[in-house]
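Coordinate inspection notes
As a plain string of letters, each chain reads:
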Amino acid sequence: MITIKNLVKTYGTGAKAMTALKGIDLEIAKGEIFGIIGHSGAGKSTLIRCINMLERPTSGDILIGKTDMTRLGKGQLQQQRRRIGMIFQHFNLLSSATVYENIAFPLRLVRTPKAEVDRKVKEMLELVGLTEHAKKHPAQLSGGQKQRVGIARALATDPDVLLCDEATSALDPQTTDSILRLLLDINRKLGLTIVLITHEMHVIQSICDKVAVIQGGVIVEEGPVIDVFLKPKQPVTRDFINRESENAEALEEAIRATDAASSRTVKVTFIGELTYQSILSQTVKETGVNFAILQGTISRIKETPYGQLVVRFEGDTADIRRTLERLTQQRLEVEELEA
Ligand SMILES: Nc1ncnc2c1ncn2[C@@H]1O[C@H](COP(=O)(O)OP(=O)(O)OP(=O)(O)O)[C@@H](O)[C@H]1O
């Protein structure tokens, strides 16, 4: 659906030149929710704005389907942009217009007949749950409702792709979750491809299928969220994940206190239906080792449940080895942690 090839973006020239994107390659499939995460200044906004040419790339290609956006003239570009909706952190609504008029705006721009505008706006109001609020102005709405207007406006022209530029960063956690649920719902109902940028791992974990981690204008890690989240390779990715789990320091201390002669500390990961099975207790019953749980999480990545326990096994060395082998045989992921 979207193919980004060797994308480079340099702002300014000469001594003031600043290269924000240093050769980005990405492949985003139709119907996928694709998240791009990075710290401030990593290049997220530049990247998402290059997808619809709000920012002109310095070099490289951006294909939406088979159309290379970088090679279009002004008229063609305007037409192609209708295939791409966008929502923003600060909503960017017209404050003097009603909710209805805000949603109608992109349709009026392309001279849609009045009856069709009315039909489409009502459909969009219903989709985002704002039918009752059609006559209000943005100032009379909560942040979450404003973003719903933003989503309705972005989808009014039936785009194939929705770009979300930090769409939940200005919202409280509860409202964030309701907007994320709405995006997921729309993705399913309409088969819409969604590309979002964020600095919050929670957003990625809740709704994305794939994630790319950007640092210094380079994609440093990429893949299905479940893989990247449970087995992060890069320090920056670990940093995003650990920030969500506040116990990282306490855990390090517990691992340091482990007596290496009679125990081993491992991270055990259960994915999918294994999460709710009693594999650990059955295994230690068979092998006769003791264990202490140093840290534990049971959560979901999109719809997939997972559990991650840091466990210290204590006992005879051979018995502990046997325990770890058995856990691996039962499809648990076992990673040894060292002090
Ligand atoms: N119009 C511009 N002119 C010059 N430099 C720019 C411009 N826009 C962005 N930059 C620089 O490009 C780099 C990437 O910025 P960008 O806004 O894409 O990062 P970001 O990851 O979205 O950060 P944030 O989360 O803070 O918005 C930064 O160093 C920034 O200062």
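The rules behind each value
- Residues numbered from 1 in each chain as written.
- Predicted model: local features only at pLDDT ≥ 70, side-chain atom pairs only at ≥ 80, totals over all residues.
- Pairing = 2+ DSSP bridges.
- Helix = DSSP H or I, 4+ residues; strand = E, 2+ residues; numbered from the N terminus.
- Near = placed C-beta within 6 Å.
- Nonpolar A, V, L, I, M, F, W, Y, C, P; charged D, E, K, R; others polar.
- Core = buried A, V, L, I, M, F, W, Y, C linked by C-beta atoms within 7 Å.
- Buried ≥ 20, exposed ≤ 12 C-beta atoms within 10 Å, placed from the backbone.
- Contact = placed C-beta atoms within 7 Å.
- Domains from an automatic or database assignment.
- Axes fitted to C-alpha atoms, helices over the stretch in contact; angles between N-to-C directions.

One open sheet holds the 4 strands; their spatial order is β2-β1-β4-β5, and the pairing between them is antiparallel. The two strands at the open ends of the sheet, each matched to only one other strand, are β2 (18–28) and β5 (67–68). Bridge count for strand β1 (residues 2–11) against β2 is 8 bridges, and the pairing is antiparallel. By the bridge assignment for β2, I4 is matched with L26.

Around the ligand sit 13 residues, and of these Y11, A20, S40, S45 and T46 come closest. No other element matches the 3 residues that helix α1 (residues 44–51) contributes to the shell around the ligand. When the residues that make up the shell around the ligand are grouped by side-chain class, the tally is 4 nonpolar, 8 polar and 1 charged.

Before going further, it helps to examine the pairing of β1. The pairing of β1 with strand β4 (residues 59–64) spans 5 bridges and is classified as antiparallel. Bridged to T3 within β4 is L63.

The next point concerns the nonpolar core. Counting residues in each nonpolar core, the largest one holds 69 residues, and the members touching the most others are I103, A152, L163 and V195. Non-local contacts of L163, meaning those with residues more than four positions away in its chain, are made with I48, I51, N52, I84, M86 and V195. Among the nonpolar cores identified, the runner-up in size contains 14 residues, and F270, V289, L294 and L327 belong to it.

Before going further, it helps to spend a moment on the domain arrangement of the protein chain. For the protein chain, the assigned domains read domain 1 (2–242) and domain 2 (247–336). Distance between the C-alpha centres of domain 1 and domain 2: 39 Å. At the junction of the two partners, domain 1 supplies 7 residues and domain 2 supplies 7 residues. Looking at the side of domain 1 that touches domain 2, the elements with two or more residues in it are α7 (201–207) and α8 (225–230). At 4 residues, the largest contribution of residues to the side of domain 1 that touches domain 2 is made by α8. Classifying every residue of the side of domain 1 that touches domain 2 by side-chain character gives 5 nonpolar, 2 polar and no charged.

Here we take up the sheet that holds strand β6 (residues 84–88). Strand order in the open sheet made by the 6 strands is β6-β7-β8-β3-β9-β10, with mixed pairing throughout. Either end of the sheet is taken by a strand with one partner, and the two such strands are β6 and β10 (218–224). Strand after strand, the sheet turns through a mean of 15° between neighbouring axes, direction not considered. The pairing of strand β7 (residues 161–165) with strand β8 (residues 193–198) spans 5 bridges and is parallel. Across the sheet, the residue bridging to D165 is I197, located in β8.

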